[in-house]
Amino acid sequence: VRDTVVEYQTSKQLMTASYTPPKLKGKAIVYEGGGHVVDFPLNATTQQFQSMMKRLKARGWTDRSTRAVFFDQVIYNAELNSFVSIRSSFEFNPWGSVVSLIRARVMRFGFVRFNDVVLLILDITVYTFVVVAIFSTIIKIWRLRWKFFQSLLNQLDIVNYFFFLITGYYKINLYMSTYSLMTVPSKPQDPPRDFESFGWTYAQIGNWNGFNSLITWSKALVYLGLLHHSFNMLLRVITESSKNVSVFTLMFFIVLWAYAQTLYVCFGTDIIRWKNIGNSFLSSIEAVLHGLQFDELQAVNQYLGPLVSFSFLFICLFFMLNTFLALIMKSYDKVSKMKDEDSLSKEFAKGVFPLFKSISERLSKLSRKRKVKDEGKHDRESKQEDKTEKKQAWPEVNDSDKNGEHFTDKLATSTSLAKPDERPQFLRQRTLYRRDDDLVEVPLETLQQLTVSLNDLQSKVKTLSDRVKTAECVYLGQKI
C-alpha cells in the first residue's frame, strides 16, 4: 500500500460483477462492481498486513460516505482442484451500526485431474443426447400440434429440456470466464479476479441441476406407471385429484394469510417472528407442522393468545388437513373402480416384459449348459486313471463320433467283446453321449437297449420299403 490516493475504478476496469449480499433485515441492496480497490500481496506477513491496514485507516480510506467494505480472499486446493472464495462484507448503516457477514463459495473448474476429463466427456455425451431429443420433440410438436401437450410425459420432457438448456448456458459462461485464468499465467499488474462472480455462476449450475434431477425422477415415475398398473394408479390418483387439490390449496393459503395478518397485527411489536407480514406468513406455514408457540403468545396477551392458538389448531390442523386427506381418498376410490384402458401402458408392457423374459431364459439356459459341461469335465478327469482298462471293453470316442453318427455301431461291437465275468462291472459304467447342442450323461444299459431298438426299427423300415416298392409295381402293371 503506497502513500497515494486509491482511485475509483469501474466494474469494466476491474472485470467484476455486481454483488447482492444476503437479505438480513429490510430491503436487499445491490452493489455495483466498481470501487476503491487495494490489493494485498500474497507473501505479506501478519505484521505487514496490520501495518497496511493501519496506514489505510490513517489516510481515511473509509469515511462517512462509505457504504460497504468487502474483503476477498481465495484459497486453492491442488489435490482436489477446488477453489474457496471467502468474502467478508461490512455494511455501514445510516444510523451508525456495522453489519458483518462472511460467505464462502466452493467451486471447481478446469480439467486438471483425470476425473475432470471424464466428467467433461460425460457432459458432452449427455448434451448431445439432449440436442437430439430436442430436435425430435420439435418434429413431434410440428406434426401433432396441440395434441402433443395433452400428455403429462411430454410436458415433463419440455420442462426437463428447458432446465438442461439453462444449465448448459451457465456452464458455457463459466468455462469462457475461467479459460484465461486456467491457461494464461497471471501477472502482478493484472487486476484481481472476481471469484465471487465465478462462485455465483457455479452455484446456479448446482441449483438448476437440482431442479433438473427432480424432473428426471418424476419422469421415472411415469415410466414405472407404464410398466405396472399399481404405479399407474398412483399417477392417475394424482391427476384425478389435481383439480380439487388446487382449489383446496388456494383456500388453505387464504386461511394462512388471514392468520399471518392477525398474528402480525396483534403480536408483531413483541415477537420477532411476527415482526413483518412476510415473516408472519412463512411462520404460519411452519406452524402447520409444529403448531404455534402457546406459551409465547399467552405471555404477550393472556386472552387473545390462547384464542388464536386454539382456533389455528382446530381450523388449520384438524379441519383443513383432514379435508385434504378426504379429497385424496375420494380420488383413489374413483380411480380404483375405473378400468385400466391405457393403451400406451399395455403396448409398453407387451414390448418390455417379453424382452426381460427372453433375456432371463437365455441366461438360465447358458447357466445350465455351463453346469452340465463342468460336471462332464469333472467326470472325465475322475475316470482318466481307468482309461487303459476300459479300452478293451469300450471303444474310445474320437472326433468323428462326437455327433453320434457311428457311436451305435461301436457300442454293439464293444458289447459283443465283453467277457461274462466282467459284465456286472461293465454294466455299471456310464458313458458321455455327445451331441452338437448339449452334453448328456447316459447309462450304458440305456444305450444297449437303444441299439436293439434301432436295429428292430431299421429292419421294419426295410420291410415296409419293400412292400411299398411291390405295391408300386403292381399299381403300374394294372395301369398299363
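These figures come from a predicted structure and were not determined experimentally.

Enquirer: Would you mind showing me how to read the packing of helix H3 (residues 114-144) against helix H4 (residues 152-183) here?
Expert: How two helices pack is summed up by the angle between their axes together with the distance between the axes. Interhelical geometry of H3 versus H4 gives an angle of 135 degrees and a closest axis separation of 11 Å. Between H3 and H4, the angle is such that the two are oblique. Two packed elements cross with a definite hand, and for H3 against H4 that hand is left-handed. On H4, the residues that touch Asp123, Val126, Tyr127, Val130, Ala133, Ile134, Thr137 and Ile141 of H3 are Ile158, Tyr161, Phe164, Leu165, Thr167, Gly168 and Lys171.

Enquirer: Looking at this structure, I do not really get the nonpolar core. What am I missing?
Expert: Within soluble globular proteins, side chains that are nonpolar generally end up buried alongside one another. One finds Leu256, Leu263, Trp274, Leu292, Leu297 and Phe312 to be the most contacted residues of the largest nonpolar core, which totals 19 residues. Among the elements that line this core, the one with the most residues is helix H6 (residues 229-267), at seven residues. Once residues within four sequence positions are removed from consideration, leucine 297 is found in contact with Leu263, Phe267, Ile271, Trp274, Leu292, Gly305 and Ser309.

Enquirer: What exactly am I supposed to notice about the packing of helix H7 (residues 277-290) against helix H9 (residues 304-336) here?
Expert: Contact geometry for H7 and H9: axes closest at 10 Å, N-to-C directions at 70 degrees. The angle between the axes of H7 and H9 places the two elements in the roughly perpendicular class. The crossing of H7 and H9 is right-handed. In this structure, H7 contributes Ser284, Ala287 and Val288 to the contact, and H9 contributes Phe312, Leu317 and Leu321. Looking at the contact of H7 with H9 residue by residue, the class counts come to five nonpolar, one polar and no charged.

Enquirer: Please explain the environment of serine 18 as it appears in this structure.
Expert: Its place among the elements puts serine 18 in the loop between helix H1 (11-14) and strand E2 (35-36). Classification of serine 18 as exposed rests on a relative accessible area of 53%. Along the primary structure serine 18 and glycine 34 are separated by 16 residues, whereas in three dimensions their C-alpha atoms are 8.2 Å apart. Each residue touching serine 18, except ones within four places of it in the same chain, is listed here: Val30, Tyr31, Glu32 and Gly33.

Enquirer: Hey, could you run me through the pairing of strand E4 (residues 82-92) in this one?
Expert: Two faces, one strand: in a regular strand the side chains alternate between the faces of the sheet. By the criterion of burial, E4 is predominantly enclosed, with eight of the eleven residues buried. Counting the residues between successive antiparallel strands, the hairpin from strand E3 (residues 68-77) to E4 contains four residues, one of them, asparagine 81, with a positive phi of roughly 55 degrees. Across ten bridges, the pairing between E4 and strand E5 (residues 98-107) is antiparallel. For serine 88, the partnering residue across the bridge sits in E5 and is isoleucine 102. Hairpin connection between E4 and E5: a loop of five residues separates the two successive antiparallel strands, and glycine 96 in this loop has a positive phi of roughly 110 degrees.

Enquirer: What's the story with the pattern of salt bridges in this structure? I'm lost.
Expert: Pairs can form between side chains of opposite charge whenever their charged atoms are close. Summed over all chains, the structure comprises four salt bridges. Glutamate 196 serves as the salt-bridge partner of arginine 105, at 2.8 Å between the closest nitrogen and oxygen. Taken together, the positions of arginine 105 in strand E5 and glutamate 196 in helix H5 (residues 195-227) put the pair 91 residues apart, joining distant regions of the chain. On the basis of relative accessibility, which here comes to 13%, the residue arginine 105 falls in the buried class. Between lysine 334 and glutamate 240 there is a salt bridge, with its nearest N and O atoms 3.0 Å apart. Pair noted here: lysine 334 is in helix H9 and glutamate 240 is in helix H6, with a separation of 94 residues, a long-range link. Residue classification places lysine 334 among the partly exposed residues on the basis of a relative accessible area of 47%.

What counts, and where the lines are drawn
Residues numbered from 1 in each chain as written. Predicted model: local features only at pLDDT ≥ 70, side-chain atom pairs only at ≥ 80, totals over all residues. Heavy atoms only, no water. Axes fitted to C-alpha atoms, helices over the stretch in contact; angles between N-to-C directions. Helix = DSSP H or I, 4+ residues; strand = E, 2+ residues; numbered from the N terminus. Parallel < 35°, antiparallel > 145°, perpendicular 65-115°, else oblique. Left-handed = near helix turned anticlockwise from the far one by under 90°. Contact = heavy atoms within 4.5 Å. Core = buried A, V, L, I, M, F, W, Y, C linked by side-chain atoms within 4.5 Å. Buried < 20%, exposed > 50% of the residue type's maximum accessible area, 1.4 Å probe, protein only. Nonpolar A, V, L, I, M, F, W, Y, C, P; charged D, E, K, R; others polar. Pairing = 2+ DSSP bridges. Salt bridge = Lys/Arg side-chain N within 4 Å of Asp/Glu carboxyl O.

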